[in-house]
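This is what each chain is made of:
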Amino acid sequence: MTWKHDHILLVLAVIGSIMLYTWLGNPRIQDQPLAERLSVMRVEEQAAMQHANTLLAQLQNNPMQPAIWLELAAIHTRYKHYDKAMAAINGALLLLPIHPGLLMAKVDILIKQENGLVTDKAASMLQSILQIAPQNVAALYYMGMYYIQSQELSKARPYWHQVQTLAAGNEPWFADFLRNKKDLLGE
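A short tour of the structure in this document, coming up.

### Looking at the overall build of the protein chain
Across its full length, the protein chain carries 9 helices and 0 strands. Walking the protein chain from its N terminus toward its C terminus, one meets helices and strands in the order α-α-α-α-α-α-α-α-α. Burial statistics for the protein chain: of 187 residues in total, 34% are counted as buried. Put simply, of all contacts in the protein chain between residues at least 6 apart along the chain, 44% involve residues at least 24 apart. Carbon and sulfur atoms make up 59% of the accessible area of the protein chain, which amounts to about 12300 Å² in all.

### Some points on the environment of Q135
With respect to the secondary-structure elements, Q135 resides in the loop between α6 (120-132) and α7 (137-149). When the C-alpha positions of Q135 and Q162 are compared, they lie 7.9 Å apart, and in sequence the two are 27 residues distant. Those residues in contact with Q135, other than ones at most four positions away along the chain, are L140 and L166.

### Thoughts on the packing of aromatic side chains
Considering all chains together, one arrives at 9 aromatic pairs under this definition. Seen from their ring centres, Y141 and W173 are 4.3 Å apart, and the 10 degrees between their planes marks the pair as stacked. Placement of the pair is Y141 in helix α7 and W173 in the loop between α8 (153-166) and α9 (174-185), with a sequence separation of 32 residues. As far as the burial class goes, Y141 and W173 line up, both buried.

### A look at helix α4 (residues 82-95)
When the terminal C-alpha atoms of α4 are compared, their 20 Å separation across 14 residues agrees well with the 20 Å that a helix rising 1.5 Å per residue should span. Among the residues of α4, those classed as buried are Y82, A85, M86, A88, I89, G91, A92 and L93. Lining the buried residues of α4 we find α3 (66-78) and α5 (100-113).

### Digging into α5
Because an α-helix packs 3.6 residues into every turn, residues spaced three or four apart end up facing the same way. Given a rise of 1.5 Å per residue, 14 residues ought to cover 20 Å, and the 20 Å separating the end C-alpha atoms of α5 matches this to within 8%. Residues of α5 that are buried include every one of P100, L102, L103, M104, K106, V107, I109, L110 and I111, and no others. On its buried face, α5 sits against α3, α4, α6 and α7. Phi for N115, located one or two positions after α5, is positive at around 55 degrees.

### Thoughts on the nonpolar core
Among the nonpolar cores identified, the biggest contains 51 residues, and L126, V163 and W173 are the most heavily contacted of them. Taken together, the elements giving at least two residues each to this core come down to α2 (32-61), α3, α4, α5, α6, α7, α8 and α9. Per-element accounting of this core gives the leading share, 11 residues, to α7. Sequence-distant contacts of L126, defined by excluding residues within four places in its chain, comprise M104, V107, V118, A139, Y142 and M143.

Reading the values: rules and limits
Residues numbered from 1 in each chain as written. Predicted model: local features only at pLDDT ≥ 70, side-chain atom pairs only at ≥ 80, totals over all residues. Heavy atoms only, no water. Helix = DSSP H or I, 4+ residues; strand = E, 2+ residues; numbered from the N terminus. Buried < 20%, exposed > 50% of the residue type's maximum accessible area, 1.4 Å probe, protein only. Contact = heavy atoms within 4.5 Å. Areas by Shrake-Rupley, 256 points an atom, 1.4 Å probe, with all protein chains shown as cover. Phe/Tyr/Trp six-rings, centres within 6.5 Å; stacked < 30°, edge-to-face > 60°. Expected span 1.5 Å × (residues − 1). Core = buried A, V, L, I, M, F, W, Y, C linked by side-chain atoms within 4.5 Å.

See below:
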């Protein structure tokens, strides 16, 4: 009896799925919203790269423009051209006074370049940021991540306790923080 019951449920699930699919969409037509979205994304990236080339031409005429270096870094970061983004952020760092936000932008590129891994180099920069701005919530969060990734949970706790106290709650990484804090630190 259980065997028949399981098969009947399976058949009903398959039939229900087919009915739902044919009701919501048409199997003979491509997913137009996805195809359209991908096309728009390609066009946007091409326009951004053309703008990046214009910015590079401006920098060739006058490399002493930190705002252009920063804009170039943002464009290349958005489209995952991390080597170019790093070169651009370094260009801005040469021209501007040391600022925690600027250093965090560089750390962010380093972390993205490593697919989310907080490397020793990034951790060293984070420590420098925390010496300048001890309540920099992003630096505290990523230092906690560094220790989590290094399997040193006891070293992560003080950083993440500070994050919990100081964070506004709308940071792009805050949901990950809450999930990781509970799962990894048991809190």
